[in-house]
Amino acid sequence: MASPKRLTYLSGDCIYVCLQCQTHLASHEDLISRAFMGRTSRAYLFCAAENVAVGAKEDRLLITGLHTVADISCTVCRTVVGWKYLFAFEQSQKYKEGTYIIEKARIAKENKEFW
């Protein structure tokens, strides 16, 4: 029997969590931009994400051109929360490689300053 994957608990004043199960996904300190679009809603670009499973890679034509991406899902509830940029075909989009898009509609903010 395989042992369960250990979850990473993020620290900081503001943590983005899965809307379905409240698993920590990203820290506000890793937020690059709020000016992105996901499949169905606005999205945030992060330089790092935790507690996500990376799916199969695929080429996807996005607003900014062709990219190789892989969907990411919460490791606890399996909800697809966004995607990881693996490769950008256009030179001007190379900065996205290795970053994560997380859809705003799939996450909530956990503000620790109010605890």
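Residues numbered from 1 in each chain as written. Predicted model: local features only at pLDDT ≥ 70, side-chain atom pairs only at ≥ 80, totals over all residues. Heavy atoms only, no water.

Within an unreviewed UniProt entry, the label attached to the chain reads Protein yippee-like, and the organism entered is Spizellomyces punctatus. Looking at the Sequence similarities (unreviewed entry) heading of the UniProt record, one finds this comment for the chain: "Belongs to the yippee family." (UniProt positions renumbered as here; feature names shortened; annotations may be inferred.)

J.: Before we move on, could you go through the UniProt feature "domain: Yippee" (unreviewed entry) in the chain and cite the residues and values that matter?
T.: Here, UniProt's "domain: Yippee" (unreviewed entry) annotation points to residues 14–111. End C-alpha to end C-alpha, residues 14–111 measures 5 Å, and it is 0% helix and 61% strand. (Helix = DSSP H or I, 4+ residues; strand = E, 2+ residues; numbered from the N terminus.)

J.: Residue-level account of the packing of aromatic side chains, with values.
T.: Evaluated as defined, the whole model comprises five aromatic pairs. Of note, Arg60 hangs over the ring of Trp83, and the distance from its end group to the ring centre comes to 5.4 Å. (Phe/Tyr/Trp six-rings, centres within 6.5 Å; stacked < 30°, edge-to-face > 60°. Lys NZ or Arg CZ within 6 Å of the ring centre and 35° of its normal.)

J.: Requested: an account of the nonpolar core, with residues and values cited.
T.: In terms of nonpolar packing, the biggest core is built from 16 residues, with Tyr16, Leu25, Phe46, Val52 and Ile102 touching the most fellow members. For this core, the elements supplying multiple residues, two or more each, are β1 (14–18), β2 (24–27), β4 (42–46), β6 (65–74) and β8 (100–103). Take this core: its biggest share by element is three residues, from β1. Counting residues in hydrophobic clusters, the runner-up holds eight residues, among them Leu45, Val69, Tyr85 and Ile101. (Core = buried A, V, L, I, M, F, W, Y, C linked by side-chain atoms within 4.5 Å. Buried < 20%, exposed > 50% of the residue type's maximum accessible area, 1.4 Å probe, protein only.)

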